[in-house]
Amino acid sequence: MSVVLNNTGDVAGSGSVVLSAPDNRTYSRTVGLEGGANTTVSFGIPTANLSQGTYTYAASTANDSRDVSVRVRDGVFAVDDLGGNETVRVGDPMVFGAE
């Protein structure tokens with residue numbers, strides 16, 4: 001998840017951006033920016049323990065906040081090509097490969 005921060009003032013400054021997750025976990029980064037500058041701050045959010053659904057995350061600084069909805073879906077895997085032995089003898093292993 002990424003957040004774009006803008007220093008809308010004329011002088012350099014630093015501050016924290018906090019990302020709040022629906023499970024009450026928070027992730028924070030401290031950023032310094034020159035006046036009028038912007039930067040993108042990225043957060044790696046684990047999804048392995050989330051069920052399918054829509055979750056609302058909030059990004060906030062001392063001066064502003066925004067919410068974003070994130071949809072978690074299951075992975076979808078498709079088999080494009082399946083190949084294997086065309087002929088085998090009884091007792092021999094059959095070997096298949098898929099892409």
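Visitor: Could you clarify how one ought to interpret the environment of Gln-52 in this entry?
Guide: Topologically, Gln-52 is positioned in the loop between β4 (38–42) and β5 (53–60). Judged by its relative accessible area of 52%, Gln-52 falls in the exposed class. For the pair Gln-52 and Glu-86, spaced 34 residues apart in sequence, the C-alpha to C-alpha distance is 40 Å. Ignoring sequence-local partners within four residues, the contact set of Gln-52 consists of Val-72, Arg-73 and Asp-74. There is a polar contact of 3.0 Å between the side chain of Gln-52 and the side chain of Asp-74.

Visitor: Looking at this structure, how should I read the nonpolar core?
Guide: Among soluble globular proteins, nonpolar side chains are generally buried collectively. In this structure, Leu-5, Leu-19 and Phe-43 are the most contacted members of the largest nonpolar core, which totals 15 residues. Those residues in contact with Leu-19 that lie beyond four places of it in its chain are Met-1, Arg-25, Thr-26, Tyr-27, Phe-43, Ile-45, Tyr-57, Ala-58 and Ala-59.

Visitor: Help me understand unusual backbone geometry in this model?
Guide: Leave glycine aside and you will find that most residues have negative phi; peptide bonds, for their part, are mostly trans. Positive phi values are uncommon outside glycine, yet Asn-24 reaches one of about 70 degrees. Take Asn-24: it is sitting in the loop between β2 (13–20) and β3 (26–33). On the basis of relative accessible area, Asn-24 is assigned to the exposed category, the value being 72%.

Visitor: For this particular structure, what's the right way to read the sheet that holds strand β6 (residues 65–72)?
Guide: Across a sheet, strands are paired by hydrogen bonds formed along the backbone, either parallel or antiparallel in direction. Read from one edge to the other, the open sheet built from 4 strands follows the order β3-β2-β5-β6, with strand pairing classed as antiparallel. Every interior strand has two partners, whereas the edge strands, β3 and β6, have only one. Neighbour-to-neighbour, the strand axes of this sheet turn through a mean angle of 20 degrees, independent of strand direction. Pairing analysis gives 8 bridges linking β2 to β3, with the strands arranged antiparallel. Residue pairing across strands places Val-18 opposite Ser-28, the latter belonging to β3.

Visitor: Explain the environment of Ile-45 to me, please; I cannot follow it from the model alone.
Guide: Note that Ile-45 resides in the loop between β4 and β5. Sequence separation of Ile-45 and Ala-21 is 24 residues, and the distance between their C-alpha atoms is 8.9 Å. In this structure, Ile-45 is in contact with Met-1, Leu-19, Tyr-27 and Tyr-57, ignoring residues within four places of it in sequence.

Visitor: Where do I start with the pattern of salt bridges in this structure?
Guide: It is possible for side chains of opposite charge to pair when their charged atoms get near one another. What the rule picks out here adds up to 2 salt bridges. As a salt-bridge pair, Arg-25 and Asp-23 come within 3.4 Å of each other at their nearest N and O atoms. The salt bridge partner of Arg-66 is Asp-64, with a shortest N-O separation of 3.1 Å. Residue classification places Arg-66 among the exposed positions, given a relative accessible area of 56%.

Parameters at a glance
Residues numbered from 1 in each chain as written. Predicted model: local features only at pLDDT ≥ 70, side-chain atom pairs only at ≥ 80, totals over all residues. Heavy atoms only, no water. Helix = DSSP H or I, 4+ residues; strand = E, 2+ residues; numbered from the N terminus. Buried < 20%, exposed > 50% of the residue type's maximum accessible area, 1.4 Å probe, protein only. Contact = heavy atoms within 4.5 Å. Polar contact = N/O pair within 3.5 Å; in protein donor to acceptor, adjacent residues only side chain to side chain. Core = buried A, V, L, I, M, F, W, Y, C linked by side-chain atoms within 4.5 Å. Pairing = 2+ DSSP bridges. Axes fitted to C-alpha atoms, helices over the stretch in contact; angles between N-to-C directions. Salt bridge = Lys/Arg side-chain N within 4 Å of Asp/Glu carboxyl O.

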